[in-house]
Amino acid sequence: MRTAYRVQDVRAAEAALMARLPEGALMRRAAAGLAAACAGLLGRVYGARVVLLVGSGDNGGDALYAGARLARRGAGVSAVALGGRVHEAGLAALLAAGGRVAADPHAALARADLVLDGITGIGGRGGLRPEAVPVVRAARESGAVVVAVDLPSGVDADTGAVEGEAVRADATVTFGAYKPGLLVDPARAYAGAVRLVDIGLGGLLPAAAELEALQHADVARLLPVPGAESDKYRRGVVGVVAGSARYPGAAVLAVAGALRGGAGAVRYVGPAGGAVLARYPETLVHPGPPGGAGRVQAWVIGPGLGDTPGVDDVLASDAPVLVDADGLRLLDPAAVRARPAPTLLTPHAGEAAALLGTARDEVEARRLEAVRELAGRYGATVLLKGSTTLVADPSPGVPVRVNPTGTPWLATAGSGDVLSGLTGSLLAAGLAPRDAASAGAYLHGLAARRAAARGAHGAGPAPAAGAAPLTAHEVAEALPGAWRDVQGGGGRG
Ligand SMILES: NC(=O)C1=CN([C@@H]2O[C@H](COP(=O)(O)OP(=O)(O)OC[C@H]3O[C@@H](n4cnc5c(N)ncnc54)[C@H](O)[C@@H]3O)[C@@H](O)[C@H]2O)[C@@H](O)CC1
Ligand SMILES: Nc1ncnc2c1ncn2[C@@H]1O[C@H](COP(=O)(O)OP(=O)(O)O)[C@@H](O)[C@H]1O
Ligand SMILES: [K+]
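In the nomenclature of an unreviewed UniProt entry, the protein chain corresponds to Bifunctional NAD(P)H-hydrate repair enzyme from the organism Streptomyces rubrolavendulae. According to UniProt, the comment filed for the protein chain under the heading Subunit (unreviewed entry) is "Homotetramer."

What follows is the structure, given as structure tokens:
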């Protein structure tokens, strides 16, 4: 499991550690890790040209000390000061190691092999200041590798928001702990490949992180495994209320996901039973309404539902309910809040905006705040889909889960239907809503990568990024392979 902590928690942990260490020891640890990462990226340090963008705080200090280490190994290092002051001891170390202050910043940047962004770290507020913008643009245009120190300057460490301009890094070397902004878009997209340098904060950070990202082994522990005593009812029956005369395909895709989610049986309820059976004869079908369909351990309602009634009926049941798509539009918030059984809402940004009474851009700019707000307001677990998928629990203080798998190719019609079927099936198999949602998103994203890379039936581990367009159906068909990848352990998301 990867965890991320808020700035106030990182600062408190650093303060506790610093009290036990000699002056400057923590910054030296950070700078050593940073310099080693830069050396790795450069390949050959001797003769490399390195430019440090140095702000007025300790983030600039880290860059200066790392620059000093690279200068001692033969790199040509020059510093560009962008704040009113610079970290004096850091600058002295750089000069003593043979580094310089750049006489002409733009000329230095034009020749640079590597640029270290030490403008702001966890002390930064708002986007880049205007005077930094042309320098940062020149760094980007030079073709040099841009490495952000702790965080790309200009992004919000706690929320992942980006207000105005920010550094677009190829890599970020972060210290002590991940910060939420490194894992949540839009800021995540500015960070490039993120590397964590251990400076000894372990044990000093709070027990509950702000964010958690599951990895293969975490998901493997959550997935249901049938025992010798299992039968289809004990494994759980998932009821899928989806599709309409206008959108029969949504029913087929939700059932496709549900059949690969570990429940013992899938009961489809709605008008698209014919289309569902033609593709999946193993489905139990019922024309509706849901109340007469028989016992289920969890419901999924909403994909392609149109205005078909049934949401009230399902919300009145005492089983866990996942509400997606049209179901989110039709639900009565008071009925959701009053439910004794768990509810899981799975909106994309537009649906989340409608539920919150705000604009879509607002949700996309502040995903972490939006998902927490929704969970609190509705008293439900919320899975917010999109470029960063987040899962929030309604209880305050529980870490939000951020999904590390997926590919932008998933932004294809119907892939959300597969996700809701899959996640509902995990709910029926007995997973808690937060676990079902995060394991569902993880498998779904992994399946998408497999499908995008080589088609649904390819073998071997999932590659890092998708390569070709995919269809929602292919995502569903790649789910068993993703499930096996996860259970095989090893790799991460
Ligand atoms: N506290 C510690 O023990 C450690 C801190 N470390 C480094 O120290 C950093 C935090 O240092 P600071 O607290 O000094 O804060 P920063 O260096 O992140 O930034 C603070 C300075 O930047 C200015 N500033 C704020 N917003 C700005 C903006 N938008 N544009 C330009 N300037 C802006 C402020 O006026 C202030 O002078 C961490 O991110 C990390 O890089 C590491 O050395 C590890 C140890
Ligand atoms: N830019 C993106 N990068 C990665 N995944 C995305 C992106 N945009 C959407 N997705 C994912 O694609 C799926 C789309 O679901 P949804 O919006 O409900 O579409 P639909 O209703 O057509 O099925 C979700 O799993 C979502 O997280
Ligand atoms: K920085």
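Moving on, we get to the site of ligand 2. Taken together, 18 residues surround ligand 2, and among them His348, Lys385, Leu410, Ala411 and Gly416 come closest. It is helix H18 (residues 415–428) that provides the largest number of residues to the shell around ligand 2, a total of four residues. A per-class count over the shell around ligand 2 returns six nonpolar, 10 polar and two charged.

Under the feature "domain: YjeF N-terminal" (unreviewed entry), the UniProt entry names residues 10–207. When the span residues 10–207 is considered, its composition is 35% helix and 17% strand, and the gap between its end C-alpha atoms is 12 Å.

Next up on the list: the environment of Gly264. Mapping Gly264 onto the fold places it in the loop between helix H10 (248–259) and strand E11 (265–269). Residue Gly264 is classed as partly exposed on the basis of its 19 C-beta neighbours within 10 Å. Beyond its immediate stretch of four places on either side in the chain, Gly264 contacts Asp231, Lys232, Tyr233, Arg234, Arg235, Gly236 and Val237.

Attention now goes to the site of ligand 1. Around ligand 1 lies a shell of 27 residues, among which Gly57, Asp58, Asn59, Gly121 and Gly123 are the nearest. Elements that contribute at least two residues to the shell around ligand 1 include exactly helix H1 (7–18), helix H2 (25–42) and helix H3 (58–72).

What follows deals with helix H4 (residues 88–96). An α-helical turn contains 3.6 residues, so a residue and the one three or four places further along point in the same direction. Among all positions of H4, only Gly90, Leu91, Ala93 and Leu94 are buried. Considered in projection along H4, the buried side chains sweep an arc of 160 degrees and stay on one side of the axis. For H4, the exposed residues set more than 90 degrees away from the buried face come down to Glu88, Ala92 and Ala96. Tucked inside the fold, the buried residues of H4 contact H3 and strand E3 (76–81). Of the residues trailing H4, Gly98 is marked for its positive phi of about 100 degrees.

What follows concerns the packing of helix H19 (residues 433–454) against helix H20 (residues 472–487). In the contact formed by H19 and H20, the axes pass within 7 Å of each other and the chain directions differ by 110 degrees. For the element pair H19 / H20, the angle class is roughly perpendicular. Of the residues in H20, those touching H19 at Leu443, His444, Leu446, Ala447, Ala448, Arg450 and Ala451 are Glu474, Val475, Ala478, Leu479, Gly481, Ala482, Trp483, Asp485 and Val486.

Once that is clear, we can look at the nonpolar core. Inside soluble globular proteins, nonpolar side chains tend to come together where they are buried. Counting residues in each nonpolar core, the largest one holds 169 residues, and the members touching the most others are Leu52, Leu114, Leu116, Val240 and Val255. Broken down by element, the residue count for this core peaks at 12 residues, all from H19. Looking at this core, you find at least three residues from each of domain 1 (2–212) and domain 2 (216–487). What Val255 contacts, discounting residues up to four positions off in sequence, is Val240, Val266, Tyr268, Val276, Tyr280, Thr283 and Gly421.

With that settled, the discussion passes to the domain arrangement of the protein chain. Structurally, the protein chain comprises domain 1 (2–212) and domain 2 (216–487). For domain 1 and domain 2, the distance between their C-alpha centres works out to 39 Å. Taken together, the contacts link 14 residues of domain 1 with 12 residues of domain 2. For the side of domain 1 that touches domain 2, a count of residues per class yields eight nonpolar, two polar and four charged.

Calculation criteria
- Residues numbered from 1 in each chain as written.
- Chains lettered and ligands numbered in written order.
- Predicted model: local features only at pLDDT ≥ 70, side-chain atom pairs only at ≥ 80, totals over all residues.
- UniProt positions renumbered as here; feature names shortened; annotations may be inferred.
- Near = placed C-beta within 6 Å.
- Helix = DSSP H or I, 4+ residues; strand = E, 2+ residues; numbered from the N terminus.
- Nonpolar A, V, L, I, M, F, W, Y, C, P; charged D, E, K, R; others polar.
- Buried ≥ 20, exposed ≤ 12 C-beta atoms within 10 Å, placed from the backbone.
- Contact = placed C-beta atoms within 7 Å.
- Arc of directions from axis to C-beta.
- Axes fitted to C-alpha atoms, helices over the stretch in contact; angles between N-to-C directions.
- Parallel < 35°, antiparallel > 145°, perpendicular 65-115°, else oblique.
- Core = buried A, V, L, I, M, F, W, Y, C linked by C-beta atoms within 7 Å.
- Domains from an automatic or database assignment.

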